[in-house]
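# Residue-level structure breakdown
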Amino acid sequence: MEIRTKRVYDEPEASDGYRVLVDRLWPRGLSKDRAKVDLWAKDVAPTAELRKAFHHEDMPYDAFVKAYRAELAANSSAVTTLRDEIAGHGVVTLLYAMNDPDHNHAGLVREALET
């Protein structure tokens, strides 16, 4: 299985395969029809406290990565459940709402799923 990441606001493509939103909040201004999300995996998203610290309180990305990896490790059942739900799909695209393709949590979810 190939796991990709993509911004949810980008145009859906057939090559995205199974599309999984990994944000706790639904993306602003985006209809469910336009998003073409197959699964909304809220449970693997950063907690509200961590999201707020990163987005609104200027938490450095390195500190966010460390804290979010700890959250994922503590919430391994959610990662296992997601891994089971995406099994059998050739391509899975993890969707996120952030503007920054290099500094977001979707890559960390992918990392957790691949280990």
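For every chain, the first residue of the written sequence is number 1, and numbering continues from 1 along that sequence. In keeping with the model being predicted, local features are shown solely for residues with a pLDDT of at least 70 and side-chain atom pairs are shown and tallied solely at 80 or more, while totals for entire chains, interfaces and linings include all residues. To obtain the side-chain values, all non-hydrogen atoms of the structure were used and water was disregarded.

One bridge is not enough; two strands pair if DSSP finds at least two bridges between them. Segments assigned H or I by DSSP are reported as helices when at least four residues long, segments assigned E as strands when at least two residues long, and all are numbered from the N terminus. Spatially, the four strands line up as an open sheet ordered β1-β4-β2-β3, and their pairing is parallel. Every other strand in the sheet has two partners, leaving β1 (2-7) and β3 (39-40) as the edge strands with one partner each. Inspection of the sheet shows strand β2 (residues 18-21) paired to β3 by two bridges, in the parallel sense. Along β3, the bridge assignment pairs valine 20 with leucine 39.

Next up on the list: the nonpolar core. The term nonpolar core refers to a set of buried residues drawn from Ala, Val, Leu, Ile, Met, Phe, Trp, Tyr and Cys, joined through side-chain atoms within 4.5 Å. Residue exposure (1.4 Å probe, protein chains only): buried if accessible area is under 20% of the type maximum, exposed if over 50%, otherwise partly exposed. Grouped together as the largest cluster of nonpolar side chains are 26 residues, with contacts concentrated most on Val20, Val44, Leu82 and Leu94. Among the elements of the structure, β2, α2 (48-56), α3 (61-74), α4 (76-86), β4 (91-96) and α5 (106-114) are those that each provide at least two residues to this core. In this analysis, two residues are considered to be in contact whenever any of their non-hydrogen atoms come within 4.5 Å of each other. Once residues lying within four places of it in the same chain are set aside, the contact partners of leucine 82 are Val20, Leu39, Ala41, Val44, Val109 and Leu113.

Glancing now at the environment of valine 20. Checked against the element boundaries, valine 20 lands in strand β2. Looking at valine 20, the relative accessible area reads 0%, which means it is buried. Taking the C-alpha atoms as reference, valine 20 lies 20 Å from valine 65; in sequence the two are 45 residues apart. Beyond its immediate chain neighbours, meaning those up to four positions away, valine 20 contacts Leu39, Ala41, Leu82, Ile86, Val92, Thr93, Leu94 and Leu95.

The next thing to look at is the layout of surface pockets. Only protein atoms enter the 1 Å grid used here, on which a cavity is any set of points holding a 1.4 Å probe that cannot leave and a pocket is any open set flanked by protein within 12 Å on both sides along at least five of seven lines; residues with an atom within 4 Å of a point are listed as lining. Grid points are joined across faces, edges and corners, and a volume is the space filled by probe spheres set on the points. The volume enclosed by the largest pocket comes to roughly 500 Å³. Lining the largest pocket are 19 residues; nearest its centre among them are Asp23, Leu25, Arg51, His55 and Ala97. Top contributing element to the lining of the largest pocket by residue count: α2, with four residues. Split into classes, the residues belonging to the lining of the largest pocket amount to eleven nonpolar, four polar and four charged. The residue classification treats Ala, Val, Leu, Ile, Met, Phe, Trp, Tyr, Cys and Pro as nonpolar and Asp, Glu, Lys and Arg as charged. All others, Gly included, are polar.

Function cannot be inferred from these measures alone, as they are strictly geometric.
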